Amino acid sequence: MNIKTVCPPEAAEPMTFAAAELSGYLGRMLAGEGGELSISLGIKADKEKGLPDWFSVELGPEGGSIVGNNARSVLLGAYDCLRRLGCRFLAPVKGYEAVPAITRQALSLSYEHRASFYHRGVCIEGADSRENVLDFIDWLPKVGYNSFFLQFKSPYIFYARWYEHRGNPLREPEPFTRLDALAWMEEAEGELKRRGLLLHKVGHGWTGEVLGQEAQSWDAAPEPLAEDRRPLAAQVDGQRGLWKGVPANTNLCFHNGEAADAFAALVADYAKENPNVDYLHVWLADEYNNVCECEGCRQTTPSDQYVELLNEIDRRLTAEGLGTKLVFLLYQELLWPPVQARLTNPERFVLMFAPISRTFERSYQVGGDPPHIPPYTRNRIILPTSLDENLAFLRGWQGQFAGDGFVYDYPLGRAHYGDFGYVKIARVISGDVKRLRELGLNGYVSCQELRAGLPNFFPNYVLGRTLMDEKADVNRLLEEYFSAAYGEDWPLAADYLFQLSGLSSTDYVNGKGERRDGETARRMEDARELCLDFAAVLDRHRGPEGWATPFWELLDYHRDYVLKLSRALCRLAQGEAERAGESWAAFRDLICERERELQPWLDVYRVLEVTEKYTGFRPGQL
Ligand SMILES: [Zn+2]
């Protein structure tokens with residue numbers, strides 16, 4: 001069939017890209033049909049500013065139209081229309097999609113949709129190849145996302161972890177430079193803009209830069225702190241210097257006007273030089289209980305100093321005529337709302353709430369009276385673990401700031417390794433998104449490994465689809481995803497993964513609770529039994545021609561992975577630290593050996609880091 005897509009003259013790139021995507025997919029789906037199909041693409045802007053993505057789709061056997069409130073929305077509408085026609089975008093991995101053959105008569109759609117939330121994004125973490133990043137960007141709009149966050153000024157560290165094969169002793173570092181990282185960042189940003197996706201940048205690192213240290217990672221500084229910068233560093237326990245040697249984790253002395261001035265100048269210069277950045281994140285150090293204890297700083301609170309700094313940056317951007325949005329972070333010390341200072345130009349700012357210490361065993365709770373915020377005690381804070389306490393801090397800030405805001409959360413950065421089945425974490429994600437409106441938040445950016453795909457990308461799929469439509473039912477999404485990934489026997493895969501999820505503990509793997517824990521030990525034994533029994537089901541899906549679908553093959557690998565990891569966890573929970581370390585090493589050997597063939601599905605660097613640093617395996621005892 002001849003597919004004709006018509007864009008208005010001088011259409012923006014995301015629209016021409018949408019046209020090409022539609023022609024490509026519909027061409028494959030309608031390959032058996034003759035004649036011509038004509039689809040026009042257009043924009044109908046909202047009367048009001050700042051509304052979420054909206055699109056309308058009209059499609060019949062002869063063609064029709066897709067209209068959006070901006071060019072990106074047209075692309076989102078195109079992918080949504082393809083989904084309704086049966087396409088399934090299952091993973092940020094080339095080729096892992098289902099594209100059905102259909103007839104012309106199946107083209108019958110007439111609907112419009114407004115995304116439930118404005119901010120729908122993912123933030124880069126873990127260890128990533130150039131292809132991982134590009135494939136993820138390609139996948140984002142296919143499942144409803146509209147934003148991507150490249151951390152730091154350059155995402156060098158995430159590439160470096162991959163190309164240096166950190167954590168995998170079986171692989172030699174590959175040639176890779178900072179210039180490569182910059183070139184790939186530009187390429188990735190080009191791919192984002194091609195799709196009209198919103199670009200978030202930076203975050204941590206500013207404090208180190210004020211101290212004259214390049215801070216594009218959490219690595220230790222290669223150079224000692226220059227003596228002329230030392231007065232700008234926070235004074236902790238009577239000392240001013242780099243916090244444990246790491247610039248990105250070092251706070252500043254904001255009582256020293258020079259520190260605030262240098263900070264504001266850095267942000268303003270960066271915003272001026274990088275007009276392609278839509279949301280510029282202005283965060284302080286990535287550690288807590290290390291803020292300045294000097295007499296001057298003690299007269300106020302870190303949050304008051306932060307708000308004054310943000311106001312100064314806003315004044316400079318306004319003077320330069322820059323419209324860049326600034327994202328400020330509620331996190332660690334900054335969870336405590338300021339006492340006196342207030343943001344003078346709320347339109348400039350977006351609140352980002354990061355409940356990093358929360359549990360992932362259940363979704364946000366809303367309702368009832370939130371507990372009181374405990375008094376702030378300098379460098380003696382305890383991070384809130386209960387969801388109630390976390391939300392009390394958010395309410396405190398919202399009492400002072402009524403502007404735009406979103407949650408920055410971590411189910412797919414760390415917590416997911418504790419859920420072997422991935423269906424529990426997917427349900428928690430769904431529940432969280434459905435409560436965002438009650439929390440007064442306008443979206444979600446997921447701080448996560450890009451390779452969070454073992455056994456599948458269902459949790460990431462649920463997040464994107466539910467942010468696009470908060471009414472999306474998680475059970476229907478499960479059927480939609482699993483039937484495409486596993487074929488007609490999908491209920492067998494789902495039942496197995498549900499049982500594995502039921503035996504898993506995200507809290508235990510993330511270091512919450514006692515390490516010696518009989519209940520966890522028993523559950524891990526049960527998980528092993530379940531995996532052993534599942535071999536028979538797997539065998540039935542492995543024919544002489546290969547696996548029934550590629551996702552069954554992944555389940556086979558995942559079974560080996562769970563067998564090894566559950567044994568290590570069982571021993572740790574039994575209090576046998578040494579044998580637990582041996583079992584963990586066997587787990588490490590398995591995933592390091594198989595990393596080359598299964599690279600896009602599991603972030604080996606990150607799962608090893610999490611299980612060592614948080615779960616508490618001690619391979620050093622071997
Ligand atoms: Zn100070």
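Treat the numbers as computed from the prediction; the structure is a model and nothing was measured.

**A word on helix H9 (residues 302-319)**
- When the terminal C-alpha atoms of H9 are compared, their 26 Å separation across 18 residues agrees well with the 26 Å that a helix rising 1.5 Å per residue should span.
- The set of residues buried in H9 consists of Pro-302, Ser-303, Asp-304, Gln-305, Tyr-306, Val-307, Leu-309, Leu-310, Asn-311, Ile-313, Asp-314 and Leu-317.
- Check the buried side of H9 and you find it contacts helix H7 (257-273), strand S13 (279-282), helix H8 (295-298), strand S14 (325-330), strand S15 (349-353) and helix H10 (387-398).
- Positive phi appears at Gly-321, one or two residues downstream of H9, with a value of about 70 degrees.

**Structural notes on the coordination of the zinc ion**
- Of the protein atoms, only Cys-253 (SG), Cys-292 (SG), Cys-294 (SG) and Cys-297 (SG) coordinate the zinc ion, at distances of 2.3 to 2.4 Å.
- Around the zinc ion sit four donor atoms; with metal-centred angles ranging over 107 to 114 degrees, the donor geometry is tetrahedral.
- Judged by its relative accessible area of 8%, Cys-294 falls in the buried class.

**Concerning the packing of aromatic side chains**
- Counted by the stated rule, this structure contains 42 aromatic pairs.
- Judged by centre distance (5.7 Å) and plane angle (75 degrees), the ring pair of Phe-136 and Trp-139 falls under edge-to-face. Of this pair, Phe-136 and Trp-139 both sit in helix H3 (residues 130-139), three residues apart, which is roughly one turn of the helix. Of the two residues, Phe-136 and Trp-139, neither departs from the other in class, the shared state being buried.
- Considering the side-chain rings of Phe-458 and Phe-482, the 5.5 Å spacing of their centres and the 90 degrees angle between planes classify their relative orientation as edge-to-face. Highlighted residues: Phe-458 in helix H12 (residues 458-468) and Phe-482 in helix H13 (residues 474-486), separated in sequence by 24 residues.

**Some points on unusual backbone geometry**
- For the bond from Leu-454 to Pro-455, the omega torsion is 10 degrees, close enough to zero to count as cis.
- For Pro-455, the location among the structural elements is in the loop between strand S17 (443-449) and H12.
- Even without being glycine, His-165 reaches a positive phi, approximately 50 degrees.
- The buried category is assigned to His-165, whose relative accessible area is 4%.
- A positive phi angle is found at Asp-237, which is not glycine, with a value near 50 degrees.
- Within the fold, Asp-237 resides in the loop between strand S11 (235-236) and strand S12 (239-240).

**Some words on the domain arrangement of the protein**
- Partitioning the protein into domains gives domain 1 (2-114), domain 2 (119-485) and domain 3 (486-621).
- Placing the centre of domain 2 and that of domain 3 at their C-alpha centroids yields a distance of 29 Å.
- For the pair domain 2 and domain 3, the summed buried surface comes to about 4000 Å²; carbon and sulfur atoms form 60% of the total.
- On the domain 2 side of the contact with domain 3, Tyr-417, Phe-420 and Leu-454 bury the most area, a combined 21% of that side's loss.
- Our enumeration of links across domain 2 and domain 3 arrives at three salt bridges.
- Two residues, Arg-606 and Glu-449, come together in a salt bridge whose shortest N-O distance is 2.9 Å.
- Here domain 2 and domain 3 share 30 residue pairs in polar contact (both at pLDDT 80 or more) between them.
- Looking at the side of domain 2 that touches domain 3, the elements with two or more residues in it are helix H4 (156-163), helix H11 (423-435) and H13.

**Some words on helix H17 (residues 550-573)**
- Given a rise of 1.5 Å per residue, 24 residues ought to cover 34 Å, and the 34 Å separating the end C-alpha atoms of H17 matches this to within 8%.
- The element H17 is largely enclosed, with a buried count of 19 among its 24 residues.
- Of the residues one or two after H17, Gly-575 is the one with positive phi, at around 85 degrees.

Analysis parameters
Residues numbered from 1 in each chain as written. Predicted model: local features only at pLDDT ≥ 70, side-chain atom pairs only at ≥ 80, totals over all residues. Heavy atoms only, no water. Helix = DSSP H or I, 4+ residues; strand = E, 2+ residues; numbered from the N terminus. Expected span 1.5 Å × (residues − 1). Buried < 20%, exposed > 50% of the residue type's maximum accessible area, 1.4 Å probe, protein only. Contact = heavy atoms within 4.5 Å. Donors = N, O, S within 2.8 Å, 3.2 Å for Na, K, Ca; no water. Tetrahedral: all angles 85-135°; square planar, octahedral: opposite > 155°, others 65-115°. Phe/Tyr/Trp six-rings, centres within 6.5 Å; stacked < 30°, edge-to-face > 60°. Domains from an automatic or database assignment. Buried area = accessible area lost by both parts, 1.4 Å probe. Salt bridge = Lys/Arg side-chain N within 4 Å of Asp/Glu carboxyl O. Polar contact = N/O pair within 3.5 Å; in protein donor to acceptor, adjacent residues only side chain to side chain.

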